[in-house]
Amino acid sequence: MQTETAAPDAAPAATAGRRDWRAVFGRWETLLVGLLVVTAIAGQVISTEFLTADSFTTGSLDLSEIALMALPVTLVIVAAEIDLSVASVLALSSALMAYLWNHNQPIETIIPVCIVAGALCGAFNGVLVTRFGLPSLAVTIGTFALFRGLAFVVIGDQSVTDFPSLWTDRAFGNFAGTFVPDTIVLFAILAIAFAVLLHATPFGRSVFAIGANEEASYFSGLRVKRVKLILFTLSGAVAGLAGVVISLRNSTAAANVAMGFELTVITAVLLGGVSIFGGRGSIAGVVLALLLLGGIQKAILLSESISSYWIQIVTGTLLVGSVLGPNLARRVAEARRRRSRPLPEEGS
(Lines give C-alpha, C1' and ligand atoms only; values in the text may rest on other atoms or scores of the structure.)
Protein backbone atom coordinates (compact mmCIF):
# COMPACT_ATOMS: atom_id res chain seq x y z
CA MET A 1 0.00 0.00 0.00
CA GLN A 2 1.34 3.44 -0.95
CA THR A 3 1.80 6.08 1.72
CA GLU A 4 1.92 9.82 1.20
CA THR A 5 5.16 11.31 2.40
CA ALA A 6 4.27 14.99 1.80
CA ALA A 7 1.58 15.15 4.49
CA PRO A 8 3.91 15.48 7.50
CA ASP A 9 5.60 18.55 5.95
CA ALA A 10 2.34 20.21 4.89
CA ALA A 11 1.25 21.27 8.37
CA PRO A 12 4.55 23.02 9.29
CA ALA A 13 4.57 24.74 5.88
CA ALA A 14 1.03 25.98 6.36
CA THR A 15 1.87 27.15 9.88
CA ALA A 16 4.94 29.00 8.61
CA GLY A 17 2.83 30.63 5.90
CA ARG A 18 0.32 31.84 8.45
CA ARG A 19 3.12 33.22 10.58
CA ASP A 20 4.54 35.11 7.58
CA TRP A 21 1.16 36.71 6.89
CA ARG A 22 0.73 37.56 10.56
CA ALA A 23 4.17 39.17 10.55
CA VAL A 24 3.21 41.33 7.56
CA PHE A 25 -0.22 42.37 8.82
CA GLY A 26 1.04 42.75 12.36
CA ARG A 27 3.56 45.43 11.40
CA TRP A 28 2.85 49.01 12.44
CA GLU A 29 3.68 50.21 8.92
CA THR A 30 0.89 48.02 7.51
CA LEU A 31 -1.58 49.71 9.85
CA LEU A 32 -0.36 53.12 8.67
CA VAL A 33 -0.84 52.11 5.03
CA GLY A 34 -4.39 51.04 5.86
CA LEU A 35 -5.06 54.37 7.59
CA LEU A 36 -3.67 56.19 4.56
CA VAL A 37 -6.15 54.37 2.32
CA VAL A 38 -9.02 55.26 4.68
CA THR A 39 -7.85 58.89 4.79
CA ALA A 40 -7.70 59.05 0.99
CA ILE A 41 -11.25 57.73 0.67
CA ALA A 42 -12.60 59.99 3.42
CA GLY A 43 -10.76 63.01 2.02
CA GLN A 44 -12.20 62.45 -1.44
CA VAL A 45 -15.69 62.18 0.06
CA ILE A 46 -15.14 65.47 1.91
CA SER A 47 -13.85 67.25 -1.20
CA THR A 48 -13.36 66.18 -4.80
CA GLU A 49 -10.18 68.29 -4.80
CA PHE A 50 -8.47 66.05 -2.24
CA LEU A 51 -6.89 63.53 -4.64
CA THR A 52 -5.44 66.10 -7.02
CA ALA A 53 -1.91 67.19 -7.87
CA ASP A 54 -2.57 70.69 -6.54
CA SER A 55 -3.79 69.27 -3.23
CA PHE A 56 -0.62 67.18 -2.88
CA THR A 57 1.59 70.17 -3.70
CA THR A 58 0.03 72.55 -1.19
CA GLY A 59 -0.39 69.90 1.49
CA SER A 60 3.21 68.72 1.28
CA LEU A 61 4.52 72.28 1.28
CA ASP A 62 2.65 73.00 4.51
CA LEU A 63 4.30 69.99 6.17
CA SER A 64 7.78 70.22 4.62
CA GLU A 65 9.64 71.78 7.57
CA ILE A 66 8.00 69.39 10.03
CA ALA A 67 9.02 66.49 7.79
CA LEU A 68 12.62 67.69 7.70
CA MET A 69 12.87 68.01 11.48
CA ALA A 70 11.20 64.64 12.07
CA LEU A 71 14.11 62.76 10.46
CA PRO A 72 16.86 63.50 13.02
CA VAL A 73 14.34 63.51 15.89
CA THR A 74 13.56 59.91 14.91
CA LEU A 75 17.16 58.93 15.65
CA VAL A 76 17.14 60.91 18.89
CA ILE A 77 14.03 59.08 20.17
CA VAL A 78 15.32 55.68 18.99
CA ALA A 79 18.29 56.41 21.28
CA ALA A 80 15.78 56.89 24.15
CA GLU A 81 16.18 60.68 24.26
CA ILE A 82 13.93 63.53 23.07
CA ASP A 83 14.38 66.97 21.52
CA LEU A 84 11.55 69.46 22.09
CA SER A 85 13.61 72.48 21.03
CA VAL A 86 13.65 71.90 17.26
CA ALA A 87 10.94 74.44 16.42
CA SER A 88 12.72 77.07 18.52
CA VAL A 89 16.00 76.32 16.74
CA LEU A 90 14.11 76.78 13.45
CA ALA A 91 12.84 80.17 14.67
CA LEU A 92 16.34 81.22 15.77
CA SER A 93 17.69 80.22 12.35
CA SER A 94 14.97 82.27 10.64
CA ALA A 95 15.70 85.29 12.85
CA LEU A 96 19.43 84.96 12.20
CA MET A 97 18.72 84.79 8.48
CA ALA A 98 16.74 88.03 8.70
CA TYR A 99 19.49 89.74 10.71
CA LEU A 100 22.25 88.73 8.30
CA TRP A 101 20.21 89.73 5.27
CA ASN A 102 19.54 93.14 6.82
CA HIS A 103 23.31 93.47 7.21
CA ASN A 104 23.89 92.87 3.51
CA GLN A 105 25.19 89.31 3.66
CA PRO A 106 24.58 87.16 0.56
CA ILE A 107 22.18 84.21 0.75
CA GLU A 108 25.00 81.85 -0.22
CA THR A 109 26.76 82.82 3.03
CA ILE A 110 23.62 83.04 5.18
CA ILE A 111 22.41 79.47 4.52
CA PRO A 112 25.52 77.64 5.85
CA VAL A 113 25.77 80.08 8.78
CA CYS A 114 22.19 79.29 9.81
CA ILE A 115 22.78 75.53 9.53
CA VAL A 116 25.95 75.83 11.64
CA ALA A 117 24.06 77.94 14.20
CA GLY A 118 21.41 75.23 14.41
CA ALA A 119 24.10 72.58 14.85
CA LEU A 120 25.62 74.60 17.70
CA CYS A 121 22.21 74.79 19.40
CA GLY A 122 21.87 71.03 19.06
CA ALA A 123 25.39 70.50 20.37
CA PHE A 124 24.53 72.68 23.37
CA ASN A 125 21.61 70.35 24.12
CA GLY A 126 23.86 67.35 23.62
CA VAL A 127 26.56 68.62 25.96
CA LEU A 128 24.04 69.26 28.73
CA VAL A 129 22.63 65.75 28.30
CA THR A 130 25.87 63.79 27.85
CA ARG A 131 28.44 65.72 29.89
CA PHE A 132 26.28 66.99 32.73
CA GLY A 133 23.95 63.99 32.88
CA LEU A 134 20.77 66.05 32.65
CA PRO A 135 17.56 64.47 31.29
CA SER A 136 16.91 65.49 27.69
CA LEU A 137 13.24 66.22 28.43
CA ALA A 138 14.15 68.90 30.99
CA VAL A 139 17.05 70.25 28.91
CA THR A 140 15.08 70.69 25.69
CA ILE A 141 12.07 72.18 27.47
CA GLY A 142 14.48 74.78 28.82
CA THR A 143 16.18 75.43 25.49
CA PHE A 144 12.74 75.45 23.83
CA ALA A 145 12.20 78.75 25.66
CA LEU A 146 15.85 79.85 25.50
CA PHE A 147 16.28 79.59 21.72
CA ARG A 148 12.89 81.19 21.01
CA GLY A 149 13.85 84.07 23.32
CA LEU A 150 17.19 84.47 21.53
CA ALA A 151 15.32 84.64 18.23
CA PHE A 152 13.34 87.65 19.48
CA VAL A 153 16.54 89.23 20.82
CA VAL A 154 18.15 88.88 17.37
CA ILE A 155 15.34 90.36 15.28
CA GLY A 156 12.66 91.54 17.73
CA ASP A 157 9.12 91.47 16.42
CA GLN A 158 10.23 92.57 12.96
CA SER A 159 10.12 90.46 9.81
CA VAL A 160 12.11 90.50 6.59
CA THR A 161 10.35 89.87 3.29
CA ASP A 162 12.70 91.15 0.58
CA PHE A 163 14.70 87.98 -0.13
CA PRO A 164 15.80 87.50 -3.76
CA SER A 165 13.16 85.86 -5.95
CA LEU A 166 15.72 83.41 -7.31
CA TRP A 167 15.83 81.70 -3.90
CA THR A 168 12.19 82.12 -2.90
CA ASP A 169 11.11 80.61 -6.22
CA ARG A 170 13.32 77.60 -5.55
CA ALA A 171 11.81 77.09 -2.08
CA PHE A 172 8.24 77.51 -3.30
CA GLY A 173 8.62 75.97 -6.75
CA ASN A 174 8.14 72.44 -8.06
CA PHE A 175 10.81 70.02 -9.19
CA ALA A 176 11.43 69.85 -12.96
CA GLY A 177 7.94 71.06 -13.85
CA THR A 178 6.19 68.30 -11.88
CA PHE A 179 3.68 68.67 -9.03
CA VAL A 180 6.36 67.63 -6.47
CA PRO A 181 7.70 70.66 -4.53
CA ASP A 182 11.45 71.23 -4.38
CA THR A 183 11.29 71.08 -0.58
CA ILE A 184 9.85 67.55 -0.76
CA VAL A 185 12.70 66.51 -3.05
CA LEU A 186 15.09 67.86 -0.39
CA PHE A 187 13.17 65.86 2.24
CA ALA A 188 13.32 62.70 0.11
CA ILE A 189 17.10 63.01 -0.26
CA LEU A 190 17.55 63.49 3.48
CA ALA A 191 15.08 60.67 4.27
CA ILE A 192 17.15 58.25 2.20
CA ALA A 193 20.34 59.47 3.87
CA PHE A 194 18.90 59.09 7.38
CA ALA A 195 17.39 55.69 6.52
CA VAL A 196 20.78 54.44 5.38
CA LEU A 197 22.44 55.95 8.46
CA LEU A 198 19.96 54.34 10.87
CA HIS A 199 19.34 50.99 9.22
CA ALA A 200 22.50 50.16 7.27
CA THR A 201 25.51 51.44 9.21
CA PRO A 202 27.33 50.52 12.43
CA PHE A 203 26.37 53.97 13.76
CA GLY A 204 22.69 53.15 13.30
CA ARG A 205 23.10 49.82 15.06
CA SER A 206 24.74 51.69 17.92
CA VAL A 207 21.73 54.01 18.11
CA PHE A 208 19.34 51.04 18.40
CA ALA A 209 21.57 49.35 20.97
CA ILE A 210 21.80 52.48 23.12
CA GLY A 211 18.04 52.95 23.01
CA ALA A 212 17.41 49.31 23.97
CA ASN A 213 19.91 49.21 26.84
CA GLU A 214 22.25 52.13 27.43
CA GLU A 215 24.18 50.50 30.27
CA ALA A 216 24.85 47.30 28.33
CA SER A 217 25.90 49.37 25.31
CA TYR A 218 28.39 51.29 27.43
CA PHE A 219 29.96 48.14 28.87
CA SER A 220 30.13 46.58 25.40
CA GLY A 221 32.39 49.39 24.28
CA LEU A 222 30.02 51.77 22.47
CA ARG A 223 30.78 55.50 22.72
CA VAL A 224 27.35 56.30 24.14
CA LYS A 225 27.98 59.96 24.95
CA ARG A 226 29.57 60.68 21.59
CA VAL A 227 26.72 59.01 19.69
CA LYS A 228 24.12 61.04 21.57
CA LEU A 229 26.07 64.27 21.07
CA ILE A 230 26.15 63.60 17.32
CA LEU A 231 22.40 62.94 17.29
CA PHE A 232 21.52 66.20 19.05
CA THR A 233 23.92 68.10 16.77
CA LEU A 234 22.27 66.57 13.69
CA SER A 235 18.86 67.50 15.06
CA GLY A 236 19.92 71.11 15.50
CA ALA A 237 21.57 71.31 12.08
CA VAL A 238 18.47 70.05 10.25
CA ALA A 239 16.27 72.40 12.31
CA GLY A 240 18.55 75.23 11.20
CA LEU A 241 18.09 74.11 7.59
CA ALA A 242 14.32 74.01 8.14
CA GLY A 243 14.51 77.63 9.33
CA VAL A 244 16.11 78.61 6.03
CA VAL A 245 13.52 76.63 4.05
CA ILE A 246 10.49 78.13 5.81
CA SER A 247 11.90 81.66 5.49
CA LEU A 248 12.44 81.32 1.75
CA ARG A 249 9.23 79.36 1.16
CA ASN A 250 7.09 82.00 2.89
CA SER A 251 9.33 84.87 1.75
CA THR A 252 9.32 85.93 5.41
CA ALA A 253 11.92 85.54 8.15
CA ALA A 254 10.77 86.22 11.71
CA ALA A 255 11.14 85.00 15.29
CA ASN A 256 7.53 83.90 15.71
CA VAL A 257 7.51 81.20 13.01
CA ALA A 258 6.86 77.51 13.65
CA MET A 259 4.87 77.97 16.86
CA GLY A 260 3.77 74.52 18.02
CA PHE A 261 5.69 72.62 15.33
CA GLU A 262 7.51 70.53 17.94
CA LEU A 263 4.21 68.84 18.89
CA THR A 264 3.58 67.77 15.31
CA VAL A 265 7.17 66.58 14.88
CA ILE A 266 6.95 64.34 17.96
CA THR A 267 3.51 63.12 16.85
CA ALA A 268 4.84 62.13 13.43
CA VAL A 269 7.78 60.25 14.93
CA LEU A 270 5.74 58.33 17.51
CA LEU A 271 2.89 57.71 15.07
CA GLY A 272 5.51 56.24 12.75
CA GLY A 273 6.09 53.42 15.22
CA VAL A 274 9.15 54.77 17.03
CA SER A 275 9.04 53.70 20.67
CA ILE A 276 9.07 56.57 23.15
CA PHE A 277 11.23 54.29 25.35
CA GLY A 278 13.85 53.88 22.59
CA GLY A 279 15.35 50.92 20.79
CA ARG A 280 12.72 50.52 18.10
CA GLY A 281 11.52 52.43 15.02
CA SER A 282 12.07 53.06 11.32
CA ILE A 283 12.38 55.98 8.92
CA ALA A 284 9.83 54.32 6.61
CA GLY A 285 7.23 54.34 9.38
CA VAL A 286 7.86 58.03 10.06
CA VAL A 287 7.48 58.88 6.35
CA LEU A 288 4.14 57.04 6.29
CA ALA A 289 3.05 58.89 9.43
CA LEU A 290 3.94 62.22 7.83
CA LEU A 291 1.85 61.34 4.78
CA LEU A 292 -1.04 60.41 7.08
CA LEU A 293 -0.79 63.65 9.07
CA GLY A 294 -0.56 65.68 5.88
CA GLY A 295 -3.60 63.92 4.42
CA ILE A 296 -5.70 64.47 7.53
CA GLN A 297 -4.68 68.11 7.74
CA LYS A 298 -5.47 68.71 4.06
CA ALA A 299 -8.87 66.98 4.33
CA ILE A 300 -9.82 69.21 7.27
CA LEU A 301 -8.69 72.36 5.48
CA LEU A 302 -10.67 71.42 2.35
CA SER A 303 -13.81 70.73 4.35
CA GLU A 304 -16.38 73.51 4.50
CA SER A 305 -18.04 72.16 7.64
CA ILE A 306 -15.04 71.16 9.82
CA SER A 307 -13.20 73.87 11.75
CA SER A 308 -9.43 74.10 11.27
CA TYR A 309 -9.10 73.87 15.06
CA TRP A 310 -9.74 70.17 14.64
CA ILE A 311 -6.19 69.84 13.28
CA GLN A 312 -4.84 70.42 16.79
CA ILE A 313 -7.41 68.04 18.29
CA VAL A 314 -6.54 65.29 15.81
CA THR A 315 -2.79 65.85 16.28
CA GLY A 316 -3.10 65.56 20.04
CA THR A 317 -5.30 62.48 19.76
CA LEU A 318 -2.86 60.79 17.42
CA LEU A 319 0.03 61.62 19.75
CA VAL A 320 -1.74 59.92 22.67
CA GLY A 321 -2.82 57.02 20.47
CA SER A 322 0.65 56.48 19.06
CA VAL A 323 1.98 55.98 22.60
CA LEU A 324 -1.00 54.03 23.95
CA GLY A 325 -1.52 51.75 20.92
CA PRO A 326 1.88 50.01 20.81
CA ASN A 327 1.89 49.58 24.60
CA LEU A 328 -1.53 47.90 24.54
CA ALA A 329 -0.45 45.71 21.62
CA ARG A 330 2.71 44.69 23.50
CA ARG A 331 0.70 43.77 26.60
CA VAL A 332 -1.73 41.69 24.54
CA ALA A 333 1.17 39.89 22.83
CA GLU A 334 2.83 39.17 26.17
CA ALA A 335 -0.44 37.84 27.59
CA ARG A 336 -0.84 35.51 24.59
CA ARG A 337 2.72 34.24 25.00
CA ARG A 338 2.12 33.50 28.66
CA ARG A 339 -1.08 31.60 27.87
CA SER A 340 0.64 29.60 25.13
CA ARG A 341 3.45 28.38 27.37
CA PRO A 342 3.05 24.73 28.43
CA LEU A 343 2.22 24.19 32.07
CA PRO A 344 4.91 22.46 34.12
CA GLU A 345 4.25 18.79 34.75
CA GLU A 346 3.35 17.71 38.24
CA GLY A 347 6.32 16.65 40.27
CA SER A 348 8.82 18.30 37.95
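Below is a summary of the structure that appears in this document. (Residues numbered from 1 in each chain as written. Predicted model: local features only at pLDDT ≥ 70, side-chain atom pairs only at ≥ 80, totals over all residues. Heavy atoms only, no water.)

A few points about the overall build of the protein chain
Across its full length, the protein chain holds 14 helices and 2 strands. In terms of overall dimensions, the protein chain has C-alpha extents of about 95 × 55 × 35 Å along its principal axes. Looking at the protein chain as a whole, 44% of its 348 residues are labelled buried. Just so you have it, the protein chain exposes about 18,200 Å², and 65% of that area is on carbon and sulfur atoms. (Helix = DSSP H or I, 4+ residues; strand = E, 2+ residues; numbered from the N terminus. Buried < 20%, exposed > 50% of the residue type's maximum accessible area, 1.4 Å probe, protein only. Areas by Shrake-Rupley, 256 points an atom, 1.4 Å probe, with all protein chains shown as cover.)

Quick notes on the environment of Ser159
One can find Ser159 in strand β1 (residues 159-160). Discounting residues that sit within four places of it in the chain, Ser159 has contacts with Thr252, Ala253 and Ala254. (Contact = heavy atoms within 4.5 Å.)

Considerations on the packing of aromatic side chains
A complete count under the given rule lists 4 aromatic pairs for this structure. Consider the rings of Trp101 and Phe163, whose centres lie 5.8 Å apart with planes at 45°: the pair is tilted. Taken together, the residues Trp101 in helix α4 (residues 86-102) and Phe163 in the loop between β1 and α7 (165-172) connect sequence positions 62 residues apart. On the numbers, 6.5 Å between centres and 65° between planes, the contact of Phe124 with Phe147 is edge-to-face. Pair noted here: Phe124 is in helix α5 (residues 107-130) and Phe147 is in helix α6 (residues 136-155), with a separation of 23 residues, a long-range link. Residue Phe124 is classed as partly exposed on the basis of its relative accessible area of 39%. When the ring centre of Trp167 is taken as reference, the NZ or CZ atom of Arg170 above it lies at 4.7 Å. (Phe/Tyr/Trp six-rings, centres within 6.5 Å; stacked < 30°, edge-to-face > 60°. Lys NZ or Arg CZ within 6 Å of the ring centre and 35° of its normal.)

A closer look at a nonpolar patch on the surface
A cluster of nonpolar side chains, Val33, Val37, Ile41 and Val45, forms an exposed patch at the surface whose accessible area comes to about 370 Å². Looking at where Val33 falls in the secondary structure, it is placed in helix α2 (residues 28-46). (Patch = residues over 30% accessible without salt bridge, like charges linked within 9 Å, V, L, I, M, F, W, Y side chains within 5 Å. Salt bridge = Lys/Arg side-chain N within 4 Å of Asp/Glu carboxyl O.)

Focus on α4
Here α4 contains 17 residues, and its C-alpha end-to-end distance of 24 Å stays within 8% of the 24 Å for a straight helix at 1.5 Å per residue. A large share of α4 lies buried, amounting to 14 of its 17 residues. Remark: Asn104 follows α4 within two positions and exhibits a positive phi of approximately 65°. (Expected span 1.5 Å × (residues − 1).)

Let's talk about the packing of helix α3 (residues 53-78) against helix α11 (residues 224-249)
Running from amino to carboxyl end, α3 crosses α11 at an angle of 175°, the nearest separation of the two axes being 8 Å. One finds that α3 runs roughly antiparallel with respect to α11. Taking contact as the criterion, the partners of Leu61, Asp62, Ser64, Glu65, Leu68, Met69, Pro72, Val73, Leu75 and Val76 in α3 are, on α11, Leu231, Phe232, Leu234, Ser235, Val238, Ala239, Ala242, Val245, Ile246 and Arg249. Here the contact of α3 with α11 is built from residues that sort into 15 nonpolar, 2 polar and 3 charged. (Axes fitted to C-alpha atoms, helices over the stretch in contact; angles between N-to-C directions. Parallel < 35°, antiparallel > 145°, perpendicular 65-115°, else oblique. Nonpolar A, V, L, I, M, F, W, Y, C, P; charged D, E, K, R; others polar.)

Topic: unusual backbone geometry
Phi is positive for Asn104, close to 65°, though the residue is something other than glycine. The topology assignment puts Asn104 in the loop between α4 and α5. Assessed through its relative accessible area of 69%, Asn104 is described here as exposed. Notably, Ala176 is not glycine yet its phi reads approximately 50°, a positive angle.

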